Amino acid sequence: MNMWIPTEHEKYGVVLASFRGMVQHSLPLEIGDTVQILEKCEGWYRGFVLKNPNAKGIFPCSYIHLKNAHIKNKGQFEMVVPTEDSVITEMTSTLRDWGAMWKQLFVKNEGDLFHRLWHVMNEILDLRRQVLVGHLTHDRMRDVKQHITARLDWGNEQLCLDLVPRREFSMVDPDEISITELYRLMENRHRKKETPTPVSTHHLFVHLKSLMSSNLGEELEVFFFIYDSRESKPLSERFFVKLNKNGLPKCPEKTERQCTLFVDLGSADLRKDVYIVVHIIRIGRMGAGEKKNTCNVQYRRPYGCAVVSIADLLTADSKDDHLLKVYACNTESDWSQIHDNIIKKVNSRYNLSGTNTGLAVALQLLHGDIEQLRREYMVLFTRGVSVTKKLGFSDVIMPGEMRNDLYITLEKGEFEKGGKSVARNVEVTVYALDADGQILKGFVAVGSGEPGGDEYHTFVLYHNNSPRWAELIKLPIPVDLFHGSHVRFEFRHCSTKDKGEKKLFGFSFVPLMQDDGRTLPDGTHELIVHKCEENANLQDCARYLKLPFSKSNLPGNNQTLKGSKESLWITSFLCSTKLTQNGDMLDLLKWRAHPERISDSLSKLKEIDGSEIVKFLQDTLDTLFGILDESSQRYALKVFDCLVHIINLLQDSKFQHFKPVMDTYIESHFAGALSYRDLIKVLKWYVDRIIEADRQEHIQQVLKATEYIFKYIIQSRRLFALATGGQNEEEFQCCMHELFMSISFFLSQENKSLRPITQTQAVFLQSFPAVYRELLKLFTVREVATFVRETLGSLPTASQADCPLQAVKLHCIAKTVDSQIYINPESRCILLPVVLRVLQAHMQEQKDLVMCAHILTCMLSLLKREDTESTASEEVDLIVESVLGVLLRTILEVANRPHPPGPTLRPQIQDITGEFVSCLLALLRHMKDRHYQQLLQRFTSKDDLRDFLLHIFTVFRILIRPEMFPKDWTVMRLVTNNIIITTVLYLSDALRTNFLNDKFDYKMWDSYFCLSVIFINQSCLQLETFSASKRKKILEKYGDMRVMMGCEIFSMWQNLGEHKLNFIPAMIGPFLEVTLVPQPDLRNVMIPIFHDMMDWEQRRSGNFKQVEAKLIDKLDSLMSEGKGDETYRELFNSIIPLFGPYPSLLKKIERETWRESGISLIATVTRLMERLLDYRDCMKMGEVDGKKIGCTVSLLNFYKTELNKEEMYIRYIHKLYDLHLKAQNYTEASYTLLLYDELLEWSERPLREFLSYPMQSEWQRKEYLHLTIIQNFDRGKCWENGIILCRELANQYESYYDYRNLSKMRMMEASFYDKIMDQQRLEPEFFRVGFYGKNFPFFLRNKEFVCRGHDYERLEAFQQRMLNEFPHAIAMQHANQPDQTIYQAEAQYLQIYAVTPIPDSQDVLQRDGVPDNIKSFYKVNHIWRFRYDRPFHKGTKDKENEFKSLWVERTTLTLVQSLPGISRWFEVERRELVEVSPLENAIEVIENKNLQLRTLITQCQTRQMQNINPLTMCLNGVIDAAVNGGLARYQEAFFVKDYIMNHPEDGDKISRLRELMFEQAQILEFGLTVHEKFVPQDMRPLHKKLVDQFHLMKSSLGIQEFPAYARASPIQFTNGSPRAGRNSVANVLSPEGVARVVARRSPLSYPAVNRYSSSSLSSQASNEVSNITGQSESSDEVFNMQPSPSTSSLSSNHSASPNVTSSAPSSARGSPQLPDKPKHSRENCLSPRERPCSAIYPNPLDSTQRPVPHPAGDASLPRSDPNISTPDKGSPAKTRSQSPVMTSRSPQKSVVPPLTPSPTECQSAGLVSNSPMLSGSYSSGISSLSRCSVSEASGTETTPADHALPNSASSGSDEFFRRENKTPPPYCIHERNPRRQMPLPPSLSIHPNVDAPPIPPKPHQIRKQDTEPLRPDQFPRPRPIPRKVSQL
């Protein structure tokens, strides 16, 4: 078998086809993958895919296309680098990275970027193919690569990827270039991306579309030009377009005749007072409205004008077409000024030429030079566009530019009438003629759009002898034709007669060049009009050229022409690069012809315009050096001054482009071989005179020209040496040394007050560096460096700090460092000390830092990394010694300097910092061991070393700040970190050596550890967040620098010894943050440090309190900082092993003596981490939901109960408060904020500023909290709780006599009462939710909760909401408790069903007269317990009568906190399960139906019903069901002998069922009576049927007459009282009595049938009765009664099963109580009214309101004698001997005799009689045995167990309001103060001498025995004393 052989050349390839790998050890491949090949064997390769190097395998050779590659690190860790073009490599890798991210864009629904990136990727792929083919030209390849890199950069920026440093389109390796150069590349690319460079050159593109007008019919000429209204002159030539009779371009196929480009506009031209002016001339008849005549003569006549400001184009859309309004003159004579009048808005001189006239033009401003435009707008230039130039030269004159244009403007003319009665119609014809009189063809140009013509005709102004034209024409006559040429102007009168003749009457001319060679001077010329006839011969120009042409040139004796009135005014302007109008210039150039004028010509040269000099630059220089060679002694100084003037002239920005012309002249045309002697001599003479000269201006001009003077000197000497073979070399060397000695002496002089030579020194230093390059042409590098060193070294050092010379000197140093002389290593070692000395001085003074950074950057960029020579090492030594310390201080100073507000200065400061940082990094990278040793040895004292180390550690912390570099500079950050960790490794030895043991320095070590922790936690080093390819590159180049730094931390920690105690607990948090980094090796390194900390802390203090506190604080702060947003679950899974089952740490802990403390610490931190993890996961979600709130509640309680972290507890209170506000849970928000409120007291203790609270007193903060909580209670409609806080706050205001706020608070309290009575509140549903399965968060996992639903939210909506919050959860379809399989499942199961609340506030609910508005609040607030009923059949089900076996399983859930509270849901603390027997179920059903009947009858009586249908249906349902076997089924089931014998213990219950049946019959009989009164006529038959069926029902029940105990009917009462009349005289039920009752409108008041309708209906009933009786309800009549269980309503809304409602209602809130089971029902008991909030927080009555003594009653009623004890006052004997006689408060007399109470009426001794004030609120329901029950069978009383704890406040403590072991939370708002005894009003006191009638016992109260012990849940829940907040 062949062996696998390592490959030599086959190392790299691309997969051609996908390989699935069906063989053993194969490697699956995808097409396009790149593979690295390791071995080869028989047609197979072994290797790996580059994107996943860990997976190695074999694959066929035929699937791989091999590519050339370069191998690095041959061997086991070899790395393959493709040898292809770097742009191709980058494209390939970038497209791979983009591919994955591109798909994610689709997933994230970022469609716009998805499609744009798709197009760019396709474009890059196309360009890649072009590059790979290799058929592109060099220029095209460059353009393609530039385009590719631009696209790559755009995509990287859009995808937030890294910025790639490039040089010439290729990526650079950071290791191959200097860091300063890397920073420059990054900065340049960043700048290019952010701030485009402003352009100074602009161009205007104009495209004429058409002229739209309704009255066209003649051809038009349109002229465009740019006009400066400020200077009132045109700025450009004219652009000329011809239009046809339809207003369209005459030559549409020639686009260059319709489009033009106004070029070379400066930035100063883009202002509001620069306009585009359009003149329109028509070609046709003299008058626009004339009839067409026979003549064909056409005239140019004014038509209209339009203007638009250039500034308007800057804001308009560049592609928009503009429709310009066209205006016409009111008077033709004003035509030349029409555009000025329009601009100045002189409306009287122009008007619109037509309402529909407009010029359609496309206008667009283009920016950049013309060559750039040709590249960017290639189509524009290829299709043709004319170029319209500016008048004259542009701002910058380019050498080689050839122009010879003469511009002539025909301004105006003055002509005589010529014997005519009217003025002439003058037309001027212009010709250009040569010296022979021949017309120059094509040299008369009107504008740039049309070619030039032979002649030009002006427009004609009608009957005007003084026409003003202001027409501009251009004569581009060549230079060789210019001499002898002239321009002739012919004047003709245009007749308007039929023939239309044009008669010549005169002419003018002007020659273009004078005899001496000067051209026609610029300016205005008044030309003479020579008269002539039509037949005059003008062809012979010699005849008239001898005549004078201008009135300014006439001799004095020619008065005839001078007095002539006829003249023509023209303005000429010559723009020529070859001709001149200057005579002095001509004299200088012709100096040999007039030697005597040389001196004057040299003197006048300075006065000549610069444009004239640069035109003849070469000729002028030849002249000067020619004069110098021939007459050096005489004219040397003047020639030198002229040369200086010309050199300085080229410094002007207008002529700076002529410097290359002078350079070319010096190199190629200069021939002054002897000039160097004179130039050196004169220059030295000037330098020697500097010190004595009083005026320095001329000398400064000389020194400005130093560069070019030396160029001439050096070139002259080279020419001389070349001609003579190097003669006089010593003489030349001597002269140069003397010159430099003079310069050094002059530079060494300090400034004096009378002779300020400092400015002169500065001028020389500015130009001196330019001399170096010239000197190198004749001197060696070392000689030149010596010259420079001595010259710069002679500068005074003791100058003032603010001296401008210092800045200039630094600029000179900068230019020196940039020069060729410094690049050479030989000269650099000579110049370096001087440069460093100047640089150090400036950096110490913190001045000119920008220039210092530039100098340092240039110096360090010359140091190559591979340089190992001694010279380079010495340079590094010098730089380190001189500037390292000051560089560190500078970075600290600049980085900590406050940023100025100006937006322009901030980037500059950032650039300075970045440059200094790059310099520091470059210097540190060049430092080796020897450099560090020498550096540390230079510190003579420990303090200096300490300062240095602190400085460098601080600077390193600055360098790794996120804002140090832009976020996409990952390359720069990695280089920085690599250098930092290398430097730290070097410096850690110095730290151990010098600052340990007895020399220990805490600050030093703390700075070191802080730097290390920050370094490890940098985002740019978290490799797990990067793509695989990026992570691989970083690991290959740098390794994992976090692990390296972690090892260094561990090493340093081990050296600390006993000094470790100084860092406990300070470093616990930072080290914990390091362990959160998901790097296993790093965690392994850090674990022993935690063991050490625990060990040392145990030794010192014997516990871990500090360690634990610090850990907890740090963990929470990490969460609030958002640590681990992406990978927090992975971090959490790793952090638990750190403290828990991690083997190494756990073993160490178990071996220690403090094992138990350590394990406790681990458990605490673990539990906190679990909650913090849940909190972080929940906070990631977008919307506020129950999960977030529940998680916050869990964390909040953990901080309070387990950790006792007060500040964290309060912080999370406010986080929870904000969540509730966002979710609009205002009630829960109030309860939450109440947690903090109850920690405060009403004291003046000052509190510090905390969260959003200012510094204030504790009283002020508590007041603010009270007001905020009250406001939220108001918004949540929880006004009863708000009233409590209003009272508390009012008491505080009253105690401070703050009556203003007291009044407001009382008004607010009153408004709450009104809202309680007037506004409707919805009663929420309650739902039980079980969360089962391991995939739920920790705070929900395998727990059950009860949730308070939202308004109008039913079970289905709630279930859907929960499934939306937990989208992966499975809804369980049954209500049974799940088994362990569900608990342990790796899934989420939700079990949801509705539950019924069981209210605690029974005293309010049982009290008669309390409106349903008030009762509804207590039904659903402060609820601890909830009930759920599930029907089932036990035993054999009787198919004929299912009631026999129908049981109900009743589950009671007790919560840890009452609802509502700080959350909408709370966990279930305890479950209680009881089974309700069929008999008890039947009793509940009948009780509920009786209550429903009572309620409907009451509503009908009080006319609360809109119609009687509900009562009709209810009566029909009960009577018809009874007739058809409803009640009979109960009789069959429970009244048979077999059942009674088999269930002897149910005797009382059977009796109770029988009583309820009789009671139902009574109610039905009274209901039928009421029904008969209100039933409409059409329903009478139904009523009759109901009466008949009722008699059948009574017969079936065996009822002939009601029992004795039923004779006092609960339905018979007087004056609206549901219980008893004013006189307690028994009466039987009689129709008359009933009739009287109805006539008196005495309503029945029963408890509500369901929760949603009862509130409003009862309220209406109460109000109506109050209106009838003429009385209003009094809130002062407050009663306290002992609650007893009863039925409140019959509601199926909360039923879990529909079967329960029909047979045994499971959702009924009342139920019979089993004798051995605790009570589970939510009951509505009848009791006297009390104030709406008295059940929560009653106010005591004063002594004046004490009622008449009450002789009898239970323990909760007011007593007649306050001295009698409670047991004595409430004895059963006394109760039985009393009769309930009431004294009426109403003035009305009773007409109806009193009735005997019913068996179910609970006519106890404590019951009050009827009062009109209470008539609308009493209920004659079945719960009237709440006070006392007397057993009719046994004759003994049965006291319910509930009475053992009276609900009133007779005990003076609020402890009776809670159950046993139920500690209410501090946010519970139930009874904030003890309830007080509420006395009975005197008018409602009971007469003591009336005996009570016999009352049958209430069955469900009989079930309770006196000896029954108190249930655990009935014990009061003790209220904890609120903790005090120390400072918060």
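Quick note: structure is the one above.
Here the structure is a predicted model, which means the values were calculated and not measured.

Caption draft 1: Here's a closer look at the overall build of the chain. A count of helical and extended segments in the chain gives 64 helices and 44 strands. With 1928 residues in all, the chain has 55% of them scored as buried. Accessible surface computed for the chain: about 83900 Å², of which carbon and sulfur atoms make up 51%.

Caption draft 2: Representation of the pairing of strand β40 (residues 1465-1476) in the model. The sheet contact formed by strand β35 (residues 1343-1348) and β40 spans three bridges and is antiparallel. Directly across from C1347, in β40, lies its bridge partner W1465. The sheet contact formed by strand β39 (residues 1446-1459) and β40 spans eight bridges and is antiparallel. In the strand pairing of β40, V1448 is matched with V1476. In textbook terms, the turn of a hairpin is the stretch between consecutive antiparallel strands, and for β39 and β40 this stretch comprises five residues.

Caption draft 3: Structural detail: the pattern of salt bridges. A full pass over the atoms with the stated rule returns 74 salt bridges. Where E1484 meets R1450, a salt bridge forms, and the shortest distance between an N and an O atom there is 3.1 Å. Of this pair, E1484 sits in helix α53 (residues 1478-1501) while R1450 sits in strand β39, and the two are 34 residues apart along the sequence. There is no split in this pair, since E1484 and R1450 are both buried. Its salt-bridge partner being K1549, residue E1480 comes within 2.9 Å of it at the nearest N-O pair. Of the two residues, E1480 is situated in helix α53 and K1549 in helix α57 (residues 1547-1574); the sequence distance between them amounts to 69 residues.

Caption draft 4: Just the pairing of strand β11 (residues 201-212), in detail. The buried fraction of β11 is high, at nine of twelve residues. Judged from the ten bridges that link them, β11 and strand β21 (residues 358-367) form a sheet pairing that is antiparallel. Across the sheet, S210 pairs through a bridge with A360, a residue of β21.

Caption draft 5: Examining the sheet that holds strand β28 (residues 502-511) more closely. Taken in spatial order, the five strands of this open sheet run β25-β24-β27-β28-β30, and their pairing is antiparallel. The outermost strands of the open sheet, each flanked by one partner alone, are β25 (455-457) and β30 (530-531). As paired strands, strand β24 (residues 426-433) and strand β27 (residues 486-494) are joined by eight bridges and run antiparallel to one another. When the bridges of β27 are listed, E427 appears paired with R492.

Caption draft 6: Focus on the nonpolar core. Counting residues in each nonpolar core, the largest one holds 290 residues, and the members touching the most others are Y712, M859, F1009 and F1071. Per-element accounting of this core gives the leading share, twelve residues, to helix α29 (residues 870-896). Not counting chain neighbours up to four residues away, the residues in contact with Y712 comprise L621, F625, L643, I647, M662, Y665, I666, F670 and L679. Counting residues in each nonpolar core, the second largest holds 57 residues, with F240, W335, L440 and L475 among its members.

Caption draft 7: Fine view of the packing of helix α18 (residues 675-688) against helix α21 (residues 729-748). Interaxial distance between α18 and α21 falls to 9 Å at its minimum, and their mutual angle equals 20°. It follows that α18 is roughly parallel to α21 by the angle criterion. α18 and α21 meet at a crossing whose hand is left-handed. In contact with Y676, R677, I680, L683, K684, V687 and D688 of α18, α21 contributes E731, F732, C735, M736, E738, L739, S742, I743 and F746. Its residues assigned to classes, the contact of α18 with α21 comprises ten nonpolar, one polar and five charged.

Caption draft 8: Local environment of the sheet that holds strand β31 (residues 567-576). Ordered in space as β26-β23-β31-β29, the four strands form an open sheet in which the pairing is antiparallel. The strands lining the two open edges of the sheet, one partner per strand, are β26 (468-475) and β29 (523-528). Between one strand axis and the next, the sheet turns by 25° as a mean value, whatever way the strands run. Relative to β26, strand β23 (residues 404-414) is paired through six bridges, and the arrangement is antiparallel. Each bridged residue has a counterpart across the sheet, and for Y407 the counterpart in β26 is K474.

Caption draft 9: Seen up close, the side chain of T1268. Relative to the helices and strands, T1268 resides in helix α46 (residues 1258-1275). From its side chain, T1268 meets the backbone oxygen of Y1264 in a polar contact 2.8 Å long.

Caption draft 10: Structural context of the environment of D1351. Along the chain, D1351 turns up in the loop between β35 and α49 (1355-1365). The exposed category is assigned to D1351, whose relative accessible area is 52%. Between the alpha carbons of D1351 and L1322 there is a distance of 6.6 Å; along the sequence they are 29 residues apart.

Caption draft 11: A look at the packing of aromatic side chains. Scanning all chains against the criterion turns up 68 aromatic pairs. Their ring planes at 35° and their centres at 5.8 Å tell us that F224 and F239 sit as a pair that is tilted. Taken as a pair, F224 in strand β12 (residues 219-228) and F239 in strand β14 (residues 239-243) lie far apart in primary sequence, 15 residues in all. With a centroid separation of 4.3 Å and 20° between ring planes, the pair formed by Y932 and Y986 is classed as stacked. Of this pair, Y932 sits in helix α31 (residues 929-937) while Y986 sits in helix α33 (residues 970-994), placing them 54 residues apart in sequence. In this structure Y986 comes out as partly exposed when scored by relative accessible area, which is 29%. Every member of this aromatic cluster is reached through a ring pair, and the members are Y676, F710, F720, F732, F740, F746, F764, F768, Y772, F779 and F787.

Conventions used here
- Residues numbered from 1 in each chain as written.
- Predicted model: local features only at pLDDT ≥ 70, side-chain atom pairs only at ≥ 80, totals over all residues.
- Heavy atoms only, no water.
- Helix = DSSP H or I, 4+ residues; strand = E, 2+ residues; numbered from the N terminus.
- Buried < 20%, exposed > 50% of the residue type's maximum accessible area, 1.4 Å probe, protein only.
- Areas by Shrake-Rupley, 256 points an atom, 1.4 Å probe, with all protein chains shown as cover.
- Pairing = 2+ DSSP bridges.
- Salt bridge = Lys/Arg side-chain N within 4 Å of Asp/Glu carboxyl O.
- Core = buried A, V, L, I, M, F, W, Y, C linked by side-chain atoms within 4.5 Å.
- Contact = heavy atoms within 4.5 Å.
- Axes fitted to C-alpha atoms, helices over the stretch in contact; angles between N-to-C directions.
- Parallel < 35°, antiparallel > 145°, perpendicular 65-115°, else oblique.
- Left-handed = near helix turned anticlockwise from the far one by under 90°.
- Nonpolar A, V, L, I, M, F, W, Y, C, P; charged D, E, K, R; others polar.
- Polar contact = N/O pair within 3.5 Å; in protein donor to acceptor, adjacent residues only side chain to side chain.
- Phe/Tyr/Trp six-rings, centres within 6.5 Å; stacked < 30°, edge-to-face > 60°.

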